[in-house]
Amino acid sequence: MELRHLRYFVAVARAQSFTRAAEAMHVAQPALSKQVQQFEEEFGLELIERGSRPVRLTEPGRVIYEQALQILERVDDLRETGRRLRVAERNSFRIGFVASTLYGRLPEILRGYRTKRPDVDMTLLELLTLEQIAALKEGRIDVGFGRVEIEDPAIERVLLRNEKLIVAVPMAWDAARPPGPLRLRDLADTALILYPKSARPNNADRILALFREHGVRPPVIHEVRELQTALGLVAAEAGVCVVPASIERLRRDGVAYRPLDEERALIPVIMSYRRNDPSPEIGVILQCVKEDYAREGLRFGV
């Protein structure tokens, strides 16, 4: 008895027709009929009522049919297990990131990693920093690049660098004021656009804390889900938005960028991974960060 005997028998029972079963299995009908006959001879039982239209199973045939279905399902499960094991044997590295890091050095760092590790399957997932912590603990990602300091005993954090904050302003707003860096007090009468609108802590908390430290209270605050939406509202002259300096690489009509002249106007870039993770890929990508920063003249960890 072979698996094909079970498959042909099940096909006939399901289709209730030798002709339709042969078409579904892409075999000639005489060949299929012969296989089913061999299957019956293996048991010494008549499993199909000959001459019935549509084809009907005998009482023993119904019992064998149920058993055959279970066997074929187990075989399919076994094949899927084998497929998963083959995939697991291949090296994989799953990286979470917040959107704003894509406008910094992250794309160059990832290219460097691919060059060093061409045999590794790299998967990228956009996740907020808080979501990255959960994903690391659940094993859904192996490393995360975020912006918010979140303490968790299961997670190691590495400060890659502190990035300056700048202000995205509407073009008309920019043209109506003297050129040069801004102070937070210059924004006291202007609506503030914050992102992301999500579970705290997040980037919005850092910006609000900065305003509070300097005694500035914006008259209106708009919270949006994404950076792109925030810049769209700036272009629409709905307010200003404090963003990482690397966002200036993202050119958008109707938006100008001004330096922010405040000592603590910084936002970190943080790499997070599971504490005691033995994966060598953690060290490889961290080395890629250091090499990229050295080429660009950026100070690591500051």
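Residues numbered from 1 in each chain as written. Predicted model: local features only at pLDDT ≥ 70, side-chain atom pairs only at ≥ 80, totals over all residues. Heavy atoms only, no water.

- An unreviewed UniProt entry annotates the chain as LysR family transcriptional regulator originating from Methylobacterium indicum.
- If you open the UniProt record of the chain and go to Sequence similarities (unreviewed entry), you find "Belongs to the LysR transcriptional regulatory family." (UniProt positions renumbered as here; feature names shortened; annotations may be inferred.)

**What about helix α9 (residues 227-235)?**
- Listed in full, the buried residues belonging to α9 are L227, A230, L231, G232 and V234.
- Where α9 is buried, its residues touch β6 (155-170), β7 (192-194), β9 (241-244) and β10 (255-259).
- Backbone geometry just after α9 places E237 at a positive phi near 65°. (Buried < 20%, exposed > 50% of the residue type's maximum accessible area, 1.4 Å probe, protein only. Helix = DSSP H or I, 4+ residues; strand = E, 2+ residues; numbered from the N terminus. Contact = heavy atoms within 4.5 Å.)

**Description of the side chain of E163**
- Considering the arrangement of structural elements, one finds E163 in strand β6.
- Overall, the relative accessible area of 3% leaves E163 in the buried class.
- Within polar-contact distance, the side chain of E163 engages the backbone nitrogen of A245 at 3.3 Å.
- Beyond its immediate sequence surroundings of up to four residues, E163 is in contact with R147, P244, A245, S246, A265, L266, I267 and V269. (Polar contact = N/O pair within 3.5 Å; in protein donor to acceptor, adjacent residues only side chain to side chain.)

**Regarding the packing of helix α1 (residues 3-15) against helix α2 (residues 18-25)**
- At a closest axis distance of 8 Å, the pairing of α1 and α2 adopts a crossing angle of 125°. Overall, the two elements α1 and α2 adopt an arrangement that is oblique. Along this stretch, α1 crosses α2, giving a crossing that reads as right-handed. For the pair formed by α1 and α2, the contact residues are R7, Y8, A11, V12 and A15 on the first element and F18, R20, A21 and M25 on the second.
- Tallied by class, the residues present in the contact of α1 with α2 amount to seven nonpolar, no polar and two charged. (Axes fitted to C-alpha atoms, helices over the stretch in contact; angles between N-to-C directions. Parallel < 35°, antiparallel > 145°, perpendicular 65-115°, else oblique. Left-handed = near helix turned anticlockwise from the far one by under 90°. Nonpolar A, V, L, I, M, F, W, Y, C, P; charged D, E, K, R; others polar.)

**Here's the deal with the packing of aromatic side chains**
- This model, assessed by the stated rule, comprises four aromatic pairs.
- Here the aromatic rings of F39 and F43 are separated by 5.1 Å at their centres, their planes lie at 85°, and the arrangement is edge-to-face. Here F39 pairs with F43, and both are found in helix α3 (residues 29-43), just four residues apart, close to one helical turn.
- Look at F43 and you get partly exposed, because its relative accessible area is 33%.
- Ring geometry for F93 versus Y113: centroids 5.3 Å apart, planes at 35°, classification tilted. Within this pair, whereas F93 is found in strand β3 (residues 92-97), its partner Y113 is found in helix α5 (residues 106-116), the two being separated by 20 residues in sequence. Each member of the pair, F93 as well as Y113, carries the same accessibility label: buried.
- Connected via pairs of aromatic rings, a cluster forms that spans F9, F39 and F43.
- It is R161 that lies over the ring of Y293; its NZ or CZ is 5.8 Å from the centre. (Phe/Tyr/Trp six-rings, centres within 6.5 Å; stacked < 30°, edge-to-face > 60°. Lys NZ or Arg CZ within 6 Å of the ring centre and 35° of its normal.)

**So, the packing of α2 against α3**
- Here α2 crosses α3 at 105°, and the two axes come no closer than 9 Å. Considering the angle they form, α2 stands roughly perpendicular to α3. Judged by residue contacts, F18, T19, A21, A22 and M25 of α2 engage Q29, L32, S33 and V36 from α3.
- Residues that form the contact of α2 with α3 fall into these classes: six nonpolar, three polar and no charged.

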